[in-house]
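Structural overview
Each chain, letter by letter, is given below.
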Amino acid sequence: MRRLKLTLATFAATLLTLATLPAPAAVADEWQDEGQEEQAAALAAPPFKGAAFDICNAPSLAAMRAWRSSPYRAVGVYYAGRGRHCPVQRNLNKSWVAQVHRMGWQVLPVFVGSQSPCVYAQNKKGVRIGKQPVKQGRSEGGQAVQAARALGMLTGSPLYLDLEAYNVGNASCARTTLEFVRAWNREVRARGYLPGFYSSAGSGVRQMEQARLAGVKDLPAAIWFARWHTGPAIYQEASLHKSAWQHMRIHQYAGDAAESHGGYRLVVDRNQVDAPVARIG
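It is worth spelling out the packing of aromatic side chains at this point. Tallying each qualifying case throughout the model produces eight aromatic pairs. Measuring from centroid to centroid gives 5.8 Å for Phe-53 and Trp-105, while their planes differ by 90 degrees, and the two rings are edge-to-face. Linking Phe-53 in strand β1 (residues 47-54) with Trp-105 in the loop between α4 (94-103) and β3 (106-111), this pair joins segments that are 52 residues apart in sequence. Arranged with centres 5.3 Å apart and planes meeting at 90 degrees, the rings of Tyr-160 and Trp-224 form a pair that is edge-to-face. Taken together, the residues span a long stretch of sequence, with Tyr-160 in strand β4 (residues 158-162) and Trp-224 in strand β6 (residues 222-226) at a distance of 64 residues. Each member of the pair Tyr-160 and Trp-224 is classed as buried. Three or more aromatic residues joined by ring pairs make a cluster, and in this case those are Phe-53, Trp-67, Tyr-72 and Trp-105.

As structure tokens, then:
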């Protein structure tokens, strides 16, 4: 996962994004109702609080066994999606998922599909959302569920949609992006899974919070936000109200960190988790 620092101009431009959202109406009540539904759905997925790492390529079983000596107890895996930086996952299959789970690891499934039309990263511009974001989001939501099932991840599991940093100040782009995300969420929910969302704190996560405040429906059940060069701060993130997404948050606070445990060196992103993880069967 690559992040661009939020500039002052981008921060100011996010105010423009509010123009793309419905006017607030009984937001508190609507969020409470949706929150109760999500909390009930999350009961099907095991909760996890603690340290996690994510890595572009799923490590070998030997490395995962050795890393039991690390502080981490959960691993983020890039299990599907046309936008993955590491599309060839030689280790990741149903057997790998089952075996790491038996070792005591929790799994955080990340789906890297189409990216925002105004995505910053050059290597993501070839997989941008097209002119039919709702249809595309629905299709990719189905792909996300199908791939999760093939790996032995049961209904009730969270699936985290990865959208890399984008220009939320571009109103048209922000609107298209939100339409795609909401359609993806609806499809994932309809198939019995919990839609999660990963993005930078200054772009995608900020837009989801603005949408929540505006009373928008079909938002993510869980939020995984990236703000690097800090310590773990799940409930101190400025882009999110403290009461929003309670026990449904992950903070990615460092990236590209080289660590060695049990004789295996990996380059990982570091995360602190208070959120549901995959149900493995």
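Attention shifts here to the state of the cysteines. Enumeration over the complete set of coordinates arrives at two disulfides. Between the sulfur atoms of Cys-56 and its disulfide partner Cys-86 the distance amounts to 1.8 Å. Looking along the S-S bond of the Cys-56-Cys-86 disulfide, the torsion reads about 110 degrees, which is the right-handed sense. Within this pair, whereas Cys-56 is found in the loop between β1 and α3 (61-66), its partner Cys-86 is found in the loop between β2 (74-80) and α4, the two being separated by 30 residues in sequence. The connectivity of the disulfide bonds within the chain can be written as 1-2, 3-4, using the sequence rank of each bonded cysteine.

Here the focus is α4. When α4 is considered as a whole, its buried residues turn out to be Trp-96, Val-97, Val-100 and Met-103. One side of α4 carries all its buried residues, which in axial view fall inside an arc of 125 degrees. If you follow the buried residues of α4, they end up packed against α3, β2 and β3. Of the residues that open α4, the one with a side-chain oxygen 3.1 Å from the backbone nitrogen of Ser-95 is Asn-93.

Between helix α5 (residues 133-150) and helix α6 (residues 171-190), whose axes approach to 7 Å, the crossing angle comes to 40 degrees. Classified by the interaxial angle, the pair formed by α5 and α6 is oblique. In this structure, α5 crosses over α6, and the sense of that crossing is right-handed. In this structure, α5 uses Pro-133, Val-134, Gln-136, Gly-137, Arg-138, Glu-140, Gly-141, Gly-142, Ala-144 and Val-145 to contact α6, whose residues at the interface are Thr-176, Glu-179, Phe-180, Ala-183, Trp-184, Arg-186, Glu-187 and Val-188. For the contact of α5 with α6, the per-class residue count stands at eight nonpolar, five polar and five charged.

A few words on the sheet that holds β3. Pairing is mixed around the closed barrel formed by eight strands, whose spatial order is β1-β2-β3-β4-β5-β6-β7-β8. On average, each strand axis in the sheet is inclined to that of its neighbour by 35 degrees, with strand direction left out of account. Alignment of β6 against strand β7 (residues 249-261), held across four bridges, turns out to be parallel. Note that in β7 the partner of Ile-223 across the bridge is Arg-249. Across the sheet, α5 touches β2, β3 and β4, and the angle it forms with β2 is around 120 degrees.

On to the confidence of the model for the chain, then. The share of residues in the chain with pLDDT of 70 or more is 84%, and the mean pLDDT across the chain is 89. Every residue in residues 2-33 is under pLDDT 50, and counting partners more than four places away or in other chains gives 55 contacts.

Opposite charge on two side chains allows them to pair when their charged atoms are near. One pass over the structure, following the stated rule, counts seven salt bridges. In this structure, the salt-bridge partner of Arg-182 is Asp-218, at a minimum N-O distance of 3.6 Å. Here Arg-182, found in helix α6, pairs with Asp-218, found in the loop between α7 (204-213) and β6; they are 36 residues apart in sequence, far enough to count as distant. Take Arg-182: its relative accessible area is 24%, and that puts it in the partly exposed class.

Reading guide: rules and limits
- Residues numbered from 1 in each chain as written.
- Predicted model: local features only at pLDDT ≥ 70, side-chain atom pairs only at ≥ 80, totals over all residues.
- Heavy atoms only, no water.
- Phe/Tyr/Trp six-rings, centres within 6.5 Å; stacked < 30°, edge-to-face > 60°.
- Helix = DSSP H or I, 4+ residues; strand = E, 2+ residues; numbered from the N terminus.
- Buried < 20%, exposed > 50% of the residue type's maximum accessible area, 1.4 Å probe, protein only.
- Disulfide = S-S within 2.5 Å.
- Arc of directions from axis to C-beta.
- Contact = heavy atoms within 4.5 Å.
- Polar contact = N/O pair within 3.5 Å; in protein donor to acceptor, adjacent residues only side chain to side chain.
- Axes fitted to C-alpha atoms, helices over the stretch in contact; angles between N-to-C directions.
- Parallel < 35°, antiparallel > 145°, perpendicular 65-115°, else oblique.
- Left-handed = near helix turned anticlockwise from the far one by under 90°.
- Nonpolar A, V, L, I, M, F, W, Y, C, P; charged D, E, K, R; others polar.
- Pairing = 2+ DSSP bridges.
- pLDDT = per-residue confidence, 0-100.
- Salt bridge = Lys/Arg side-chain N within 4 Å of Asp/Glu carboxyl O.

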